[in-house]
Amino acid sequence: SLASNILYPVESESRELRTLHGLWNFKISPPSNQLIGFDEKWYAVRFETIGDYWKMPVPSSYNDVSTNSSIRDYVGWSWYQYEFYVPKRWTDDQLNVFLRFGSVHFKSIVWLNGQLCVDHEGGHLPFIGDATRFLKYGELNLIVVAVNNTLRPDTIPQGYTKFPNDSYKYPKDYRIYSHEFDYFDYSGINRAVHLYTTPKAYVCDITVLTSFGNNSEGVVDYKVDICGNNVSECNITLLDANRNIVVESNTCSGQLIIPNVIPWWPIMSGKKHIAYLYTFQVKTNNENSDYYRMRIGVRTLQWTSKELLLNNEPIYLRGFGKHEDSIIRGRGYDDALSARDFYLIKWLGANSFRTSHYPYAEETLQQADLEGILVIVESAACNLRIFGSDVMKFHKSVMTEIVNRDKNHPSVIMWSLANEPYNNIELSVPYFRELYQYVRKMDPSRPITFVNSQQIQNAKAIEYMDILTLNRYSSWYSDSGHLELIQYQTYNEVEAFTKKYNKPLLITEYGAGAIPGLHSLPETMWSEDYHVTLLQEQFKTFDSLIFNEIPILGEMIWNFADFKTPQEYIRPGLCVKGLFTRERQPKMAAYVVKARYNAFKSNS
Ligand code: GCB
């Protein structure tokens, strides 16, 4: 299997890289005939010859591109196809050609020239197929991707299909599809599609683990996996930011010592502190060498009953939860949007975010490495409700894919196994213990948690996590309108949690909905004024918690920007708890947060 062969595709003197981006052809199967594409072999015919197809951009979610509600709300098998040439020189029998998808939501089957190349289940994570023997070199090629976004009780995240038996209200065979999470379930080919070459023996995995030695030495323990051939020799070179050689080695796994190391620090931790990156360069030592370069940062993480330490210094997180969400493209990755978000993050003075509620694009994590933004990577297990061996199996494989993909990012400082699971249920206890241990074995270096929203008396399983978390909407979902209760309630609850479990707590969500431009004095819910006051009341609480040495690890606002929700009557089409609008313009609250977060500049 190519499961661990998930290194981000880069070009080098031994690798060519291209994307298959553009307007693809797109078809949906009628809900009443879901298997028609398979029966009529849509994987081997050009849609032009069968008709009834649309143009669909890749990468992008398909939902909001067209004017058609049957595409927007589609649940089932949709089909994409595209034609492209590959150069004749790739015929070389010294080469592999791989096809890599950054993310397809949710299940996908990929054919090249009518032949099955690869399939994968699970959104938000990359997968690779070996395309070498399916391609026609120097000729036109047809790629077809069948995508199914139907979620089930045994998938991560969970979804449900029901056939209501109330014949008075619903026609026969009427299907109601639902899921627990409250964000719009954008589907399709959401991230980059790459085609790339490697030599037959190629670098297929790298793992680095960094630490500090004596006399300001940096230590990089590393392991390089070479696939495809019996090559076991490597030349490793570590380069500094000016591309000068720092240290070399000629074993595929071992240890590099960096004299006078420049550590990787998060943004604004002081003048001398920058998000310094080295380049880890691998050359396989054989006739047809493969070259692969990856940027790494040297930093350590530790956690105690009171603190999270980065490079032995306590770190306080000031950030938010985000979503991959924007107009038209939905969850489709877009460089312009991503760059804009990082400018806004820095403008706010934030130092962190959580990838709520699924792993974000690799390009985003690369930028976080560069900018010194700390990231909590969360799996797509949002509002997990049914705990069983089927879903556990899925969840473990998702965690494996996440750790394989993200293990080398200095910006990634924590794993979140889930968001707001039903951990008031007893079955959640053995479930999360087992999952925790599973991830701990894969990665010894980062704290692991899940995001809790249960009250203290119901918050099961959190004692087995490294760090406590809390999503709490004081004076919004509870005691609506009662801003005067915020300080009292939040203080008491955080104090109680940290005392009971003797662990530090991270505020993972709090906030209020604010319709941009809606004002009211005195404040009322949904106004920008209420949004501002609510955040300010929470700031006062956090300050007194810090002052009284109650161990909080940081504060994360829900949400960075407004994002699309399913149709429902409690939200106006969007979750409007954003500091920014969906267009990425500031609401009034953004200025208040900017003032607070920037005031932290001098320390951590
Ligand atoms: C939560 C969820 C988040 C929602 C938020 C809200 O607790 O974790 O997914 O968007 O509340 O606004 O309701």
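Okay, so let's go over this structure.

What counts and what doesn't
Residues numbered from 1 in each chain as written. Predicted model: local features only at pLDDT ≥ 70, side-chain atom pairs only at ≥ 80, totals over all residues. Heavy atoms only, no water. Pairing = 2+ DSSP bridges. Helix = DSSP H or I, 4+ residues; strand = E, 2+ residues; numbered from the N terminus. Axes fitted to C-alpha atoms, helices over the stretch in contact; angles between N-to-C directions. Disulfide = S-S within 2.5 Å. Buried < 20%, exposed > 50% of the residue type's maximum accessible area, 1.4 Å probe, protein only. Near = heavy atom within 4 Å. Polar contact = N/O pair within 3.5 Å; in protein donor to acceptor, adjacent residues only side chain to side chain. Nonpolar A, V, L, I, M, F, W, Y, C, P; charged D, E, K, R; others polar. Left-handed = near helix turned anticlockwise from the far one by under 90°. Contact = heavy atoms within 4.5 Å. Right-handed = clockwise from strand over helix to strand, strands pointing away. 1 Å grid on protein atoms, 1.4 Å probe; cavity = no way out; pocket = protein on both sides within 12 Å on 5 of 7 lines; lining within 4 Å. Points joined across faces, edges and corners; volume = space filled by probe spheres on them. Phe/Tyr/Trp six-rings, centres within 6.5 Å; stacked < 30°, edge-to-face > 60°. Lys NZ or Arg CZ within 6 Å of the ring centre and 35° of its normal.

What follows is about the sheet that holds strand β2 (residues 22-28). Reading across the sheet, the 6 strands line up as β3-β2-β4-β10-β7-β8 and stay open at both edges, with antiparallel pairing between neighbours. The open sheet terminates on both sides in strands that have one partner only, identified here as β3 (54-58) and β8 (115-121). For this sheet the average axis-to-axis angle between neighbouring strands, irrespective of direction, equals 25°. Pairing between β2 and strand β4 (residues 77-85): 4 bridges, direction antiparallel. Within β4, the position partnered with K27 by the bridge is W79.

Looking now at the state of the cysteines. The full count for this structure, using the stated rule, is 2 disulfides. The disulfide that involves C204 links it to C227, with 1.9 Å between the sulfurs. Across the disulfide from C204 to C227, rotation about the S-S bond amounts to roughly 70°, and the bridge is consequently right-handed. Here C227 lies in strand β16 (residues 218-227) and C204 lies in strand β15 (residues 202-212), a separation of 23 residues in the sequence. In this structure C204 comes out as buried when scored by relative accessible area, which is 1%. Disulfide pairing places C234 opposite C252 at an S-S distance of 2.0 Å. Linking C234 and C252, the disulfide has an S-S dihedral of approximately 95° and is accordingly described as right-handed. Here C252 lies in the loop between β18 (245-249) and β19 (253-258) and C234 lies in strand β17 (residues 234-239), a separation of 18 residues in the sequence.

This paragraph deals with the site of the ligand. The full set close to the ligand counts 13 residues, and D182, E420, Y477, R571 and K577 are the nearest of them. Side-chain polar atom of D182 to an oxygen atom of the ligand: 2.5 Å apart, as the coordinates give it. In the environment of the ligand, an oxygen atom lies 2.4 Å from a nitrogen or oxygen atom belonging to the side chain of K577. Within the shell around the ligand, the residues separate by chemical class into 5 nonpolar, 3 polar and 5 charged.

Below, the discussion takes up the packing of helix α4 (residues 335-348) against helix α5 (residues 362-371). Between α4 and α5, the shortest axis-to-axis distance is 11 Å and the interhelical angle comes to 35°. Crossing handedness for the pair α4 and α5: right-handed. For the pair formed by α4 and α5, the contact residues are S338, A339, F342 and K346 on the first element and T364, Q367, A368 and E371 on the second. When grouped by side-chain class, the residues that make up the contact of α4 with α5 number 3 nonpolar, 3 polar and 2 charged.

Covered by surrounding structure in strand β30 (residues 468-471) are L468 and L470 together with T469 and N471, the residues of both alternating faces. In this fold, β30 hands off to helix α8 (residues 486-501), which returns the chain to strand β31 (residues 505-509); that crossover is right-handed.

Under the counting rule described, the total for this entry stands at 4 cavities of 30 Å³ or more. Computed from the structure, the largest cavity encloses a volume of approximately 150 Å³. With 5 residues, α4 is the single largest residue contributor to the lining of the largest cavity. When the residues that make up the lining of the largest cavity are grouped by side-chain class, the tally is 6 nonpolar, 5 polar and 7 charged.

A few words on the layout of surface pockets. When its volume is computed, the largest pocket comes out at roughly 610 Å³. If you list the elements that add at least two residues to the lining of the largest pocket, you get β15, β21 (291-296), α5 and α6 (389-406). Residue composition of the lining of the largest pocket, grouped by class: 11 nonpolar, 5 polar and 10 charged.

Moving on: the packing of aromatic side chains. By the definition in use, this model includes 39 aromatic pairs. On the numbers, 5.3 Å between centres and 75° between planes, the contact of Y431 with F432 is edge-to-face. With respect to burial, Y431 and F432 carry one shared label: buried. Three or more aromatic residues joined by ring pairs make a cluster, and in this case those are F38, W42, Y43, F47, W77, W79 and W111. Between the NZ or CZ atom of K27 and the centre of the ring of W42, over which it lies, the distance is 4.7 Å. In this arrangement the basic side chain of K322 is found over the ring face of F353, its NZ or CZ atom lying 5.8 Å from the centre.

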